[in-house]
Each structure stands twice: as C-alpha cells, then as structure tokens.
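Overview (structure and organization)
Okay, here's what each chain looks like letter by letter:
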Amino acid sequence: MTLQKQVLIWAISLGLLVFALWAFSPILLPFIAGLVLAYFLDPVADALQRMGLSRLAAALLIVIIAILILVISMVILAPVVVDQLGRFASDLPGIIQTLTLRFDEVAPQWMKEALAKSGADVQGSVTQFAGKAAEWILSVLKTLLSGGLALVNLVSLLVVTPIVTFYLLVDWDDMIENVDRWVPREHLETVRALGRDINAAMAGFIRGQGTVCLLLGFFYAVGLSLAGLKFGLAIGLLAGALTFIPYAGALIGGVLAIGVALFQFWPDVWPIALVGAIFGLGQFLEGNFLSPKLVGKSVGLHPVWLMFALFAFGYAFGFVGLLLAVPLAAAAGVLVRFGLGQYLSSRLYLGPGYEPEPVPVPVSIIEEEQRLGARDQGQPEA
C-alpha cells in the first residue's frame, strides 16, 4: 500500500472519529468518564495484581472503594459545597460593593482622578457584573438540582461510569494487546514508540496532574476552612480542580479567597495574610515537590497549547470535550513532533542537492531521557 493511500485511510478514520464524537456527545459522558478513570486507576490494578490478586478481584476492589469514597463525599461534602456556593452567589454583589468602597478609600489620588476623567462608572459596572455572576451561579445550581436532563445525566454518570470503569479495568491489558495486533507489521516498531511517548505524556498529565489537583484541592479546602474563611471549602475545592489548567487554580482561587478575606476580616491584616500564605505555600509545594514528583518533565504540553485544547474541545463537545482535551492534546503533541522530525530528515526540507539520511526507528522520548540521564550520572546504559 502506498503512503498516499495510508494517509488517506488514516485521515478518513480520524474524520469518522471526530464525527462520531460530535454526533454522540450528549450520551458519551459516562463512557468517557469511565475510560478516563480506568486509565487513571490501571497502575493501581497492576500493583494489586503483583500483590497476588487476580485482575477481576483487583478491578472489583478498586471500583468498590471508589464508589464508597464517592458516596461519602456526596453525603458529607456535596451539601456543604452547594450551600456555600448558594450563599456566595447571594453575597457576591455585597462583597464586590464593599471591596469597591475599600479600594476607593486606599487608592492613590492620581488613580481616582484618572478614573474620574475617563468618565468610567467603575462601581456601577462592577456591581452590575457581580449581579450577573450571582444570577449565573444560582441558575447553574438550580439546573443541577432540579433540571430533568441534568438529573438523568447525573444518575447515568453515577450508575454507568463505575460499570464502564470496572469492565475496562478488567480488560485493559487485553485491549492493548488487540490494538497492537491491528498495527501494520511494516510500521510496528514506529507505532509502538509513538504509543509509548503518547502514554508517557498522557500518564504524566492525567495521572500526575490529576493527583496534584486532588492533593491541592484538599490542602486549600482544609487550610481555608481552618483559617475561618467564609466559603473556604468551596473556594479551596474550586482552586484544586482548576489546577488542571496551568496557573488558573492559584490565580482564580487566590483572587476569590483574598477578596472574600478582605471583605470578611478587614482591617485585621493577619487573617488576610494567612489566606495569602496558604496559597503561597500551596504553590511552593506544587512547584517544588508535587509536580516534579508526580508529573515530571516529560509531559511535553505547553500551557498555551493545553489551554487552547481545553477551550476548543470544550466548545465543540461540551464537558465530554474537556475530558478528551488533555489526552488528545498529548497525542497530537507527540505526533506533531514526530512529523516534524520526519520533515526535517526528508528531501522536501533538505532540498534536491542533499540525500535524506535514513530515519531510524524512533526511540521513545522517555527511554531516551532515561538513557541520557544514566550516561550523565556515569551509570551503565540500559
């Protein structure tokens, strides 16, 4: 089969996949969530297998523990978080108005004069924005609590996702072997190397960054609650969840927490400083311990590319797109780097006066980094 036909076949397959995702996106959420959870928990199942459990028993144990954790979280945390979000939405216009007045008290005179000359009604605009934001939060909560379709989606998520996760965990290794058998034998080693790179990038972000989100969400929620901050649990969990997007968790969570602290504690600066210190410590732990240990340097996803992927897939496919954005962005990054390497070694780039060098079978980026690291440390190469 010629290269042109192979490219055409893969392009058609990709187009059919995108069309299927778009066509079935309203019902895909529990299945995609189950797939993501199975991928996240597969190393746990492998570890339990090494301890002597069968794959079936390991998958069943993982799903039962996950369901128990989810039920306990829903019973204990969900009512508190929903209540805090509702009270935050109700208090938001007052918080914004108070912060605006306090800003007016401490702002330098030149800034006040500049705003006055510009003719901008800052306080009115901010108050209007706060009112709109409060209405939006309350409408979302009402939709989640009373919307029929939303309730059906929630029930399907809680019922179907654990079942999908269980079956995928049981059959995960067999599925990988079957996919390996489908690869054209001529390109087997190349596809395997690309697969290892894609898996390393996805694992580094989904498993690593997902664990970082959970740990930081717990840290922020507990820290802000112990500091006595109103809505501290909800703000902390939100900051942890948004850590998936680079800098978004600390920025949005920090602004919300410090804004509420200024409203709640001013003019006592020590509680406000404590809230700021909690986010500073969280960023220190993330940058120096959590991310280097759990995520590593092999993800290969630029923050801008990651944010674009989240926005693009979220816009195109909704929440299902958000779940797929990181895996597909990681895969696309690996494929683009591979394609660029092929182009830089081709006659198209070198020109007619140069003979293209034979392109070796690609070595996984992770394996190459490990080999170079062992060489630099004086260790024998694998």
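Right, let's walk through the structure included here. This one's a predicted model, so the numbers in the text were calculated from it and none came from an experiment.

Criteria and cut-off values
Residues numbered from 1 in each chain as written. Predicted model: local features only at pLDDT ≥ 70, side-chain atom pairs only at ≥ 80, totals over all residues. Heavy atoms only, no water. Helix = DSSP H or I, 4+ residues; strand = E, 2+ residues; numbered from the N terminus. Buried < 20%, exposed > 50% of the residue type's maximum accessible area, 1.4 Å probe, protein only. Contact = heavy atoms within 4.5 Å. Areas by Shrake-Rupley, 256 points an atom, 1.4 Å probe, with all protein chains shown as cover. Axes fitted to C-alpha atoms, helices over the stretch in contact; angles between N-to-C directions. Parallel < 35°, antiparallel > 145°, perpendicular 65-115°, else oblique. Left-handed = near helix turned anticlockwise from the far one by under 90°. Nonpolar A, V, L, I, M, F, W, Y, C, P; charged D, E, K, R; others polar. Phe/Tyr/Trp six-rings, centres within 6.5 Å; stacked < 30°, edge-to-face > 60°. Salt bridge = Lys/Arg side-chain N within 4 Å of Asp/Glu carboxyl O. Core = buried A, V, L, I, M, F, W, Y, C linked by side-chain atoms within 4.5 Å. Polar contact = N/O pair within 3.5 Å; in protein donor to acceptor, adjacent residues only side chain to side chain. Patch = residues over 30% accessible without salt bridge, like charges linked within 9 Å, V, L, I, M, F, W, Y side chains within 5 Å. Expected span 1.5 Å × (residues − 1). Arc of directions from axis to C-beta.

Structural notes on the overall build of the chain
In terms of regular secondary structure, the chain is built from 13 helices and zero strands. Listing each helix as α and each strand as β along the chain from the N terminus yields α-α-α-α-α-α-α-α-α-α-α-α-α. The buried share among the 382 residues of the chain stands at 32%. Excluding contacts between residues fewer than 6 apart, the proportion of contacts in the chain whose partners are at least 24 apart in sequence is 73%. For the chain, the accessible surface area stands at approximately 23,300 Å², while carbon and sulfur atoms represent 72% of it.

Structural notes on the packing of helix H6 (residues 188-226) against helix H7 (residues 232-242)
For any two helices packed against each other, the geometry comes down to the angle between their axes and how far apart the axes lie. The geometry of H6 relative to H7 is characterised by a closest axis approach of 7 Å and an angle of 160° between their N-to-C directions. Compared by their axis directions, H6 and H7 come out roughly antiparallel. The way H6 lies across H7 gives a crossing that is right-handed. Contacts between H6 and H7 involve Cys213, Leu216, Gly217, Tyr220, Ala221, Leu224 and Ser225 from the former and Gly232, Leu233, Ile235, Gly236, Leu237, Ala239, Gly240 and Ala241 from the latter. When its residues are assigned to classes, the contact of H6 with H7 shows 10 nonpolar, five polar and no charged.

Concerning the packing of aromatic side chains
Enumeration according to the criterion identifies five aromatic pairs in this entry. Ring geometry for phenylalanine 166 and tyrosine 167: centres 5.3 Å apart, planes at 70°, overall edge-to-face. Residue class for phenylalanine 166 comes out buried when judged on its relative accessible area of 17%. Ring-pair connections join several aromatic residues into one group, and the members of that group are Phe219, Tyr220 and Phe279.

Overview of the pattern of salt bridges
This model, assessed by the stated rule, comprises seven salt bridges. With a closest N to O distance of 2.6 Å, arginine 55 and aspartate 42 form a salt bridge. Pair noted here: arginine 55 is in helix H2 (residues 55-106) and aspartate 42 is in helix H1 (residues 3-50), with a separation of 13 residues, a long-range link. Of the residues examined, arginine 55 reaches a relative accessible area of 10% and is grouped as buried.

A word on the nonpolar core
Note on soluble globular proteins: their nonpolar side chains tend to be buried together. Counting 30 residues, the largest nonpolar core has Tyr39, Ile62, Leu169, Met202 and Val326 as the members making the most contacts within it. Taken together, the elements giving at least two residues each to this core come down to H1, H2, helix H5 (148-182), H6, helix H10 (303-317) and helix H11 (319-344). Counting residues per element, this core draws most heavily on H6, which supplies seven residues. Setting aside residues no more than four positions away along its own chain, methionine 202 makes contact with Tyr39, Arg207, Pro327 and Ala330. Grouped together as the second largest cluster of nonpolar side chains are 22 residues, Leu216, Tyr220, Ala239 and Val275 included.

Focus on the side chain of glutamate 286
Residue position: glutamate 286 is located in helix H9 (residues 269-295). Only 3.2 Å separates the side chain of glutamate 286 from the side chain of glutamine 283, close enough to count as a polar contact. Excluding residues that lie within four positions of it along the chain, glutamate 286 makes contacts with Gln209, Val212, Leu216, Thr243, Ser291 and Pro292.

Quick look at a nonpolar patch on the surface
A cluster of nonpolar side chains, Leu60, Ile64, Ile67, Leu68, Val71, Ile72, Val75, Ile76, Leu77 and Leu237, forms an exposed patch at the surface whose accessible area comes to about 850 Å². Take leucine 77: it is sitting in helix H2. By relative accessible area, which is 33% here, leucine 77 ends up partly exposed.

Considerations on H10
A turn of α-helix holds 3.6 residues, and therefore any two residues three or four places apart point the same way. In a regular helix each residue adds 1.5 Å, so 15 residues correspond to 21 Å; H10 covers 21 Å between its end C-alpha atoms and thus fits that length. The set of residues buried in H10 consists of Leu306, Ala309, Leu310 and Phe317. With its buried residues spanning 100° around the axis, H10 presents them on a single face. Relative to its buried face, H10 has exposed residues pointing more than 90 degrees away, namely Val304, Phe308, Phe311 and Tyr315. Note on H10: the residue one or two positions beyond its end, glycine 318, has a positive phi of about 75°.

Considering unusual backbone geometry
Of note in this structure, phenylalanine 231 is not a glycine but carries a positive phi near 65°. Among the structural elements, phenylalanine 231 can be located in the loop between H6 and H7. On the basis of relative accessibility, which here comes to 2%, the residue phenylalanine 231 falls in the buried class.

Observations regarding the packing of H7 against helix H8 (residues 248-265)
In contact at an axis separation of 7 Å, H7 and H8 are set at 165° when each is read in the N-to-C sense. By the angle class used here, H7 and H8 are roughly antiparallel. For the pair H7 and H8, the crossing hand works out as right-handed. Along the contact surface, H7 presents Ile235, Leu238, Ala239 and Leu242, while H8 presents Ala248, Gly249, Ile252, Gly253, Leu256, Ala257 and Val260.

Remember, this is a structural readout, not a statement about activity or role.
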